[in-house]
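Single-letter residue listing:
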Amino acid sequence: MSNTFLNPVTTQTWANGRHIVRCVKVIQETWDVRTFCFMADQPILFFFKPGQFVTLELEIEGSPVMRSYTISSSPSVPYSFSVTIKRVPGGRVSNWLHDTLHEGQELAVHGPVGLFNAIDAPSPKVLYLSGGVGITPVMSMARWFYDTNANVDMVFIHSARSPKDIIYHRELEHMASRIDNFSLHLICEKHGLGEPWAGYRGYLNHKMLELMAPDFLEREVFCCGPTPYMSAVKRLLEGCGFDMSRYHEESFGATPPEARADAVEQAEQAADAPELDAADLNQVEFTASGKSIRVGPAETVHAAAAKLGLLIPKACGMGICGTCKVLKLGGEVDMEHNGGITDEDVAEGYILSCCSVPKGDVRIEF
């Protein structure tokens, strides 16, 4: 075969890290939800696992702000990626994005990362359960299987406040009309005057679930939505005897109450603890800034940097978002992360500073 009509591929492939991208399209999904589409000036193949997320690096009123959002598009459309964001009343970041982010604007993103994805938990039969804007990661999964003609039996159950709040409504109905392995069920809590609605009303319950997915006990479940919604889904499934090892939920977002309680307790314990002997302290050296400090045996690399006035970007503080990744040049740390770093990055010496505790003296490139 002649190579006359073939051009060499010069595109790069996305890897977990910091990238500059440009907003190329803004789509009004519902009255308070928008999708922002991004591309790189130099073509990049944005490969990721459907369900993963990125962290946007923003500057709002002169202050740096990091916020994580699920990728709503599918890696089957590889030269761009999208995030779908709901305007939250009083929400500093969501309102800024809706009011300020426009086509042509550049920003930095970190990622992609996340354990909640369709690739690491393969199954021939899946059940997607979503509430509100929590639809974004499971939509990415559904789009991926739809675009790749995967032999996966999908049941998609989405709960919204009202018909006007159903995100991707037309696209979901289009997908359901085109393939027989995509079963769509929509639930609306209520509907306003003049809003026709012949579908399910109220909240997802056991009877609804049995009607929509009679074989739900045999399916891999992917769930995302507001915390009360996910808690209710878990109680429902547990009450039905579902194998919860096959239940997966999106986990990034606000720090959970138990984590905040742990932080308060640890702070109180630290305040009451006796001063440590110098021999028990570990030295953390930041080579790029030429600064170092000795810290206690339970303090993280990120805490050490903060004491020196060094700002390592951080969004979640729980080893999920991957924003605080730094290169460890020497020494050992105990890192308990939640999927925010890849095995390849770890092999190259990278760590997440927010959840890495020095086991001795360490050197960090920062």
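Residues numbered from 1 in each chain as written. Predicted model: local features only at pLDDT ≥ 70, side-chain atom pairs only at ≥ 80, totals over all residues. Heavy atoms only, no water.

- Looking at an unreviewed UniProt entry, one finds the protein named Ferredoxin, with Pseudomonas taetrolens as its source organism.
- Under the UniProt heading Sequence similarities (unreviewed entry), the entry covering the protein gives this text: "In the N-terminal section; belongs to the FAD-binding oxidoreductase type 6 family." (UniProt positions renumbered as here; feature names shortened; annotations may be inferred.)

### Brief notes about the overall build of the protein
Moving on, step 1. A tally of helices and strands in the protein yields 8 helices and 21 strands.
Moving on, step 2. By the burial criterion, 48% of the 366 residues in the protein qualify as buried.
Moving on, step 3. Summed over all atoms, the accessible surface of the protein reaches about 18600 Å², with 52% contributed by carbon and sulfur. (Helix = DSSP H or I, 4+ residues; strand = E, 2+ residues; numbered from the N terminus. Buried < 20%, exposed > 50% of the residue type's maximum accessible area, 1.4 Å probe, protein only. Areas by Shrake-Rupley, 256 points an atom, 1.4 Å probe, with all protein chains shown as cover.)

### Observations concerning helix α1 (residues 92-100)
Residues separated by three or four positions in an α-helix point in the same direction, a consequence of the helix having 3.6 residues per turn.
Moving on, step 1. Within the span of α1, buried status applies to Val93, Ser94, Asn95, Trp96, Leu97 and His98.
Moving on, step 2. Next to the buried residues of α1 lie β3 (33-39), β5 (53-60), β6 (63-70) and β7 (81-86). (Contact = heavy atoms within 4.5 Å.)

### Topic: the sheet that holds strand β19 (residues 350-352)
Moving on, step 1. Taken together, the 5 strands give an open sheet; going across it, the order is β16-β15-β21-β17-β19, and neighbouring strands pair in mixed fashion. Where the open sheet ends on each side, the last strands, each with one partner, are β16 (291-295) and β19. Pairs of neighbouring strands in the sheet enclose a mean axial angle of 35°, with direction left out of account.
Moving on, step 2. Bridge analysis of strand β17 (residues 325-330) against β19 gives 3 bridges, and the strand direction is antiparallel. Looking at the pairing, Leu327 lines up with Tyr350 of β19. (Pairing = 2+ DSSP bridges. Axes fitted to C-alpha atoms, helices over the stretch in contact; angles between N-to-C directions.)

### Side note on the nonpolar core
Moving on, step 1. The biggest cluster of nonpolar side chains holds 28 residues, and the ones touching the most others in it are Tyr128, Ile135, Met154, Phe156, Leu172 and Phe222.
Moving on, step 2. Here the element with the most residues in this core is helix α2 (residues 135-147); it accounts for 7 residues.
Moving on, step 3. Not counting residues within four places of it along the chain, the set of residues in contact with Leu172 comprises Ile135, Met139, Phe156, Ile167, Phe182, Leu184 and Leu186.
Moving on, step 4. With 25 residues, the next largest nonpolar core counts Ile44, Phe48, Ile60 and Val93 among its residues. (Core = buried A, V, L, I, M, F, W, Y, C linked by side-chain atoms within 4.5 Å.)

### Observations concerning the sheet that holds strand β9 (residues 125-131)
Moving on, step 1. Pairing within the open sheet is parallel, and its 6 strands lie in the order β12-β11-β10-β9-β13-β14. Only two strands of the sheet have a single partner each, and these edge strands are β12 (200-201) and β14 (247-249).
Moving on, step 2. Each of β9, β10 (153-160), β11 (182-188) and β13 (220-224) is contacted by α2, which is oriented at about 150° to β10, the strand it contacts most.

### Here's the deal with the packing of aromatic side chains
Moving on, step 1. For the structure shown, the criterion picks out 9 aromatic pairs.
Moving on, step 2. Sitting above the plane of the Trp31 ring, Lys164 keeps its charged end 5.0 Å from the centroid.
Moving on, step 3. Here the guanidinium or amino end of Lys325 rests over the ring plane of Tyr350, the centre of that ring lying 4.9 Å away. (Phe/Tyr/Trp six-rings, centres within 6.5 Å; stacked < 30°, edge-to-face > 60°. Lys NZ or Arg CZ within 6 Å of the ring centre and 35° of its normal.)

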